[in-house]
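Chains, contacts and geometry: an overview
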Amino acid sequence: MAKKWSVFLGGRRVETKDSINVVNPFNNEVVAEVCRAGNEEAGRAIELAHNAKATIATLPSYKRAEILSNVSSLLAQRKEEIARNITLECGKPIKDARGEVDRSILTFKIASEEASRIGGEMIPLDRNPLSEGRWGITRRFPAGPVFGITPFNFPLNLVSHKVAPAIASGNPVIIRPASATPTTALLLGEIVTEAGLPEGGISVIPSDTGIAEKIMMDERIKVFSFTGSASVGWSLKAKVPPQKRVILELGGNAGVIIDEDTDLDYAAKRCVTGAFSYVGQVCISVQRVYIHERVYDAFVERFIALVAELRQGDPLSEETDIGPLIDVANSERAEAWVAEAKEKGATVLIGGKREGSFYAPTVLADTTLEMKVSCMEVFAPIVTVARIKDFDEGIRAVDSSAYGLQAGVFTNDIKRAFKAFESLEVGGVVINDIPTYRVDHMPYGGVKRSGFGREGIRYAIEEMTELRLMVLNLP
């Protein structure tokens with residue numbers, strides 16, 4: 001019998017009349033029944049966060065650090081349980097789910113350290129005679145309750161990237177998890193409360209879009225942080241009152257440049273990892289690979305050989321590399337996009353087959369910019385390869401996208417590395433590795449359609465706090 005999960009309000013479980021079923025993408029079995037919040041629960045979550053605002057804000061830094069460290073320890077103690085929960089609700093291979101738990105353990109550990117480092121500066125103001133004897137002191141203060149909407153693909157760590165900096169900066173937080181994967185977020189809410197966060201400090205409320213928007217619009221919510229698709233994210237931002245802080249971590253269709261001097265074995269191996277980890281359902285998945293014409297054939301040969309070795313199957317198996325997409329609808333969409341590309345002249349080098357919610361790892365050549373697999377976020381195990389005549393053409397090709405999250409550049413020429421860093425319109429340029437690289441304390445976010453603001457614990461803390469100045473007159 002499937003476990004029933006309650007809404008989590010301010011540290012307490014609350015049952016509701018409405019509920020949704022969480023379905024295992026691998027076998028379509030119902031793995032959980034989850035209560036869904038309505039207007040009453042949403043209002044209560046906001047009220048609890050608002051009432052806890054002063055309590056959370058005045059927690060000393062050592063106490064916030066202690067709570068966050070406790071969360072990290074509790075996650076480590078329950079690693080296997082949480083990893084299995086992730087696999088059952090989103091179909092992520094178990095070895096990758098363990099990796100996600102490890103990342104969240106580190107995310108809370110980093111947040112614990114950063115909670116003790118939120119400081120300011122002393123500014124001498126005596127730049128003219130009238131300011132003689134005056135000093136400025138700056139300090140960051142909590143902005144107020146944070147509301148986060150999170151996606152299905154990293155049901156623990158992307159929630160952690162909203163919860164951890166919110167607590168570190170002294171803010172209560174409300175999370176609305178993806179409807180497909182709410183139980184991991186509910187589990188995290190319980191762990192955070194067990195770790196010592198005061199009542200009202202965290203709520204996790206699965207809900208429909210209308211309820212989420214009501215929370216987002218409430219004047220007591222001071223920071224809105226959204227991770228998800230570009231279309232939804234920008235639509236929500238347009239509705240948010242202008243005085244509310246907004247952080248958008250949106251999609252991409254990340255490009256990679258393979259220069260002529262690259263270690264092709266290493267680059268091919270890394271690009272397979274970047275393109276097909278969690279069946280491409282990652283915002284920074286490798287989607288477009290631009291290869292110097294002198295090494296194109298050699299790279300593609302290595303790349304295809306490695307793709308052919310990937311093992312598809314039950315995500316609970318230790319041997320599985322490729323699990324199902326989140327649902328059949330997304331598998332059918334991937335199939336339709338590849339069919340459109342083939343009709344317009346693209347060549348399938350490997351893959352291109354669908355079975356239920358599974359879609360085989362697929363590599364396409366001869367694609368053009370107007371094809372959906374090139375110009376949109378594919379969010380599936382599909383990657384395109386193309387020849388370039390020189391490095392500059394590769395930069396132009398990567399930048400042809402409407403998205404700008406991260407890019408990967410494989411080159412041994414330091415001048416070209418810096419040229420890519422200075423020229424590419426993206427939030428991050430990763431040299432000699434894939435754009436899928438992310439470590440949890442680095443600044444992370446995009447430009448163009450890919451986002452607004454930055455995550456990464458210290459950078460998210462800056463987004464969730466207000467800088468305040470005190471002027472001292474010491475005549």
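Residues numbered from 1 in each chain as written. Predicted model: local features only at pLDDT ≥ 70, side-chain atom pairs only at ≥ 80, totals over all residues. Heavy atoms only, no water.

**With respect to the overall build of the protein**
The line we're drawing: Counting from the N terminus, the helices are the DSSP runs of H or I reaching at least four residues and the strands are the DSSP runs of E reaching at least two. Relative accessibility thresholds used throughout: buried, under 20% of the residue-type maximum; exposed, over 50%; partly exposed, between the two (1.4 Å probe, protein chains only). Any two residues whose heavy atoms approach within 4.5 Å at even a single point are treated as in contact. Using the Shrake-Rupley algorithm and a 1.4 Å probe, accessible areas are obtained, with residue cover drawn only from the displayed protein chains.
When its secondary structure is counted, the protein shows 15 helices and 25 strands. Based on the C-alpha atoms only, the size of the protein along its principal axes is roughly 70 × 70 × 40 Å. Counting the 475 residues in the protein, one finds 55% classified as buried. Here the analysis covers contacts within the protein between residues at least 6 apart in sequence; of these, 73% occur between residues at least 24 apart. Carbon and sulfur atoms form 50% of the exposed surface of the protein, whose accessible area is close to 19,700 Å².

**Remarks on the side chain of E249**
Heads up, the rule is: Working convention for charge: Lys and Arg count positive, Asp and Glu count negative, and His plus the chain ends are omitted. For this analysis, a salt bridge means a side-chain nitrogen from Lys or Arg found within 4 Å of a carboxyl oxygen belonging to Asp or Glu.
Looking at where E249 falls in the secondary structure, it is placed in strand β12 (residues 245–249). No salt bridge is formed by the buried E249, whose closest oppositely charged neighbour, R438, lies at an N-O distance of 4.7 Å. Setting aside residues up to four positions removed in sequence, E249 forms contacts with L158, F226, T227, G228, C283, L405, Y444, S450 and E455.

**As for the sheet that holds strand β1 (residues 3–5)**
The pairing of strands in a sheet comes from backbone hydrogen bonds and takes either a parallel or an antiparallel form. Convention followed: Strands pair, by our definition, only if DSSP identifies at least two bridges between them. Here an angle of 0 to 180 degrees is reported between the N-to-C directions of two axes, which are lines fitted to C-alpha atoms, with helices fitted over the stretch in contact.
Pairing is mixed across the open sheet formed by 3 strands, whose spatial order is β1-β5-β4. A single partner strand is all that each edge strand has here, and the edge strands are β1 and β4 (19–23). Strand-to-strand twist across the sheet, computed as the mean angle between neighbouring axes with direction ignored, equals 25°. Those strands touched by helix α6 (residues 183–194) are β1, β4 and β5 (30–35), and its axis lies near 65° from that of β1.

**Focus on the nonpolar core**
Operational definition: Only buried residues count toward a nonpolar core, which is a set of Ala, Val, Leu, Ile, Met, Phe, Trp, Tyr and Cys residues joined through side-chain atoms within 4.5 Å.
Counting 106 residues, the largest nonpolar core has I258, F299 and F303 as the members making the most contacts within it. Top element by residues in this core is helix α4 (residues 94–115). It accounts for 8 residues. In this view, F303 contacts A268, C271, V272, F276, V363, V383 and V385; residues no more than four positions away in its chain are not counted. I46, F224, A230 and Y403 belong to the second-largest nonpolar core, a separate cluster that totals 27 residues.

**Focus on the packing of aromatic side chains**
Where we set the bar: In this analysis, rings of Phe, Tyr and Trp, with Trp reduced to its six-membered ring, are considered paired at centre separations within 6.5 Å, and the interplanar angle assigns stacked below 30 degrees, edge-to-face beyond 60, and tilted for intermediate values.
In this structure the tally under the stated criterion is 7 aromatic pairs. The interplanar angle of 85° and the centroid separation of 6.1 Å between the aromatic rings of F26 and F358 together place this pair among those described as edge-to-face. Taken together, the residues span a long stretch of sequence, with F26 in the loop between β4 and β5 and F358 in strand β17 (residues 358–359) at a distance of 332 residues. Taking relative accessible area as the criterion, F26 reaches 30% and is therefore assigned partly exposed.

**What to know about the layout of surface pockets**
Empty space among the atoms becomes visible once a probe the size of a water molecule is rolled across them. Note the following rule: A 1.4 Å probe that fits into a set of points on a 1 Å grid over the protein atoms alone but cannot get out defines a cavity; an open set with protein on both sides within 12 Å along at least five of seven lines defines a pocket, and lining residues are those with an atom within 4 Å of a point. Grid points are joined across faces, edges and corners, and a volume is the space filled by probe spheres set on the points. Charged residues are taken to be Asp, Glu, Lys and Arg, nonpolar residues to be Ala, Val, Leu, Ile, Met, Phe, Trp, Tyr, Cys and Pro, and polar residues to be all remaining types, Gly included.
Taken as a whole, the largest pocket spans an internal volume of roughly 760 Å³. What lines the largest pocket is a set of 34 residues, and nearest its centre among them are P151, F152, G228, S229 and V232. Secondary-structure elements contributing two or more residues to the lining of the largest pocket are α7 (209–217), β11 (223–227), α8 (230–239) and α11 (328–343). In terms of residue class, the lining of the largest pocket is made up of 18 nonpolar, 10 polar and 6 charged.

**Concerning empty space enclosed by the protein**
Under the counting rule described, the total for this entry stands at 2 cavities of 30 Å³ or more. There is about 70 Å³ of room inside the largest cavity. Taken together, 13 residues line the largest cavity, and the ones lying closest to its centre are A254, Y403, G404, L405 and Q406. A class-by-class count of the residues in the lining of the largest cavity yields 6 nonpolar, 6 polar and 1 charged. Estimates place the volume of the second largest cavity at around 50 Å³. Here the lining of the second largest cavity is built from residues that sort into 7 nonpolar, 4 polar and 1 charged.

**Focus: the pairing of strand β21 (residues 406–410)**
We count it as follows: Think of it like this: strands point away, you trace from the first strand over the helix to the second, and a clockwise trace means the crossover is right-handed.
Buried residues dominate β21, accounting for 5 of its 5 residues. Here β21 shows no split at all, with Q406, G408 and F410 on one side and A407 and V409 on the other all buried. As paired elements, strand β13 (residues 254–258) and β21 share 3 bridges and run parallel to each other. Note on β21: the bridge partner recorded for V256 is G408. Here β21 pairs with strand β22 (residues 428–431) via 4 bridges, running parallel. In the strand pairing of β22, G408 is matched with V430. Read as a crossover between parallel neighbours, the route from β21 over helix α14 (residues 414–423) to β22 is right-handed.

**Describing the pattern of salt bridges**
Evaluated as defined, the whole model comprises 34 salt bridges. In this structure, R294 engages E260 in a salt bridge whose closest nitrogen and oxygen atoms are separated by 2.6 Å. In this pair, R294 sits in the loop between β14 (286–292) and α10 (296–308) while E260 sits in the loop between β13 and α9 (264–276), placing the two residues 34 residues apart along the sequence. Residue R294 is classed as exposed on the basis of its relative accessible area of 65%. By sharing partners, the salt bridges in this structure join D259, E260, R294, D413 and R416 into a single network.

**Thoughts on the packing of helix α5 (residues 157–168) against α6**
As a reminder, the rule being used: When an angle is under 35 degrees it counts as roughly parallel; over 145 it counts as roughly antiparallel; between 65 and 115 it counts as roughly perpendicular; any other value is oblique. Definitions for this section: a left-handed crossing has its near helix turned counterclockwise from the far helix by less than a right angle. A right-handed crossing has that turn clockwise.
Packing of α5 against α6 brings their axes to within 11 Å, and their N-to-C directions diverge by 25°. Our classification of the angle between α5 and α6 gives roughly parallel. Where α5 crosses over α6, the two elements pack in a sense that is right-handed. Contacts between α5 and α6 involve V159, S160, V163 and I167 from the former and A185, L188 and V192 from the latter. Here the residues of the contact of α5 with α6 are counted per class, giving 6 nonpolar, 1 polar and no charged.

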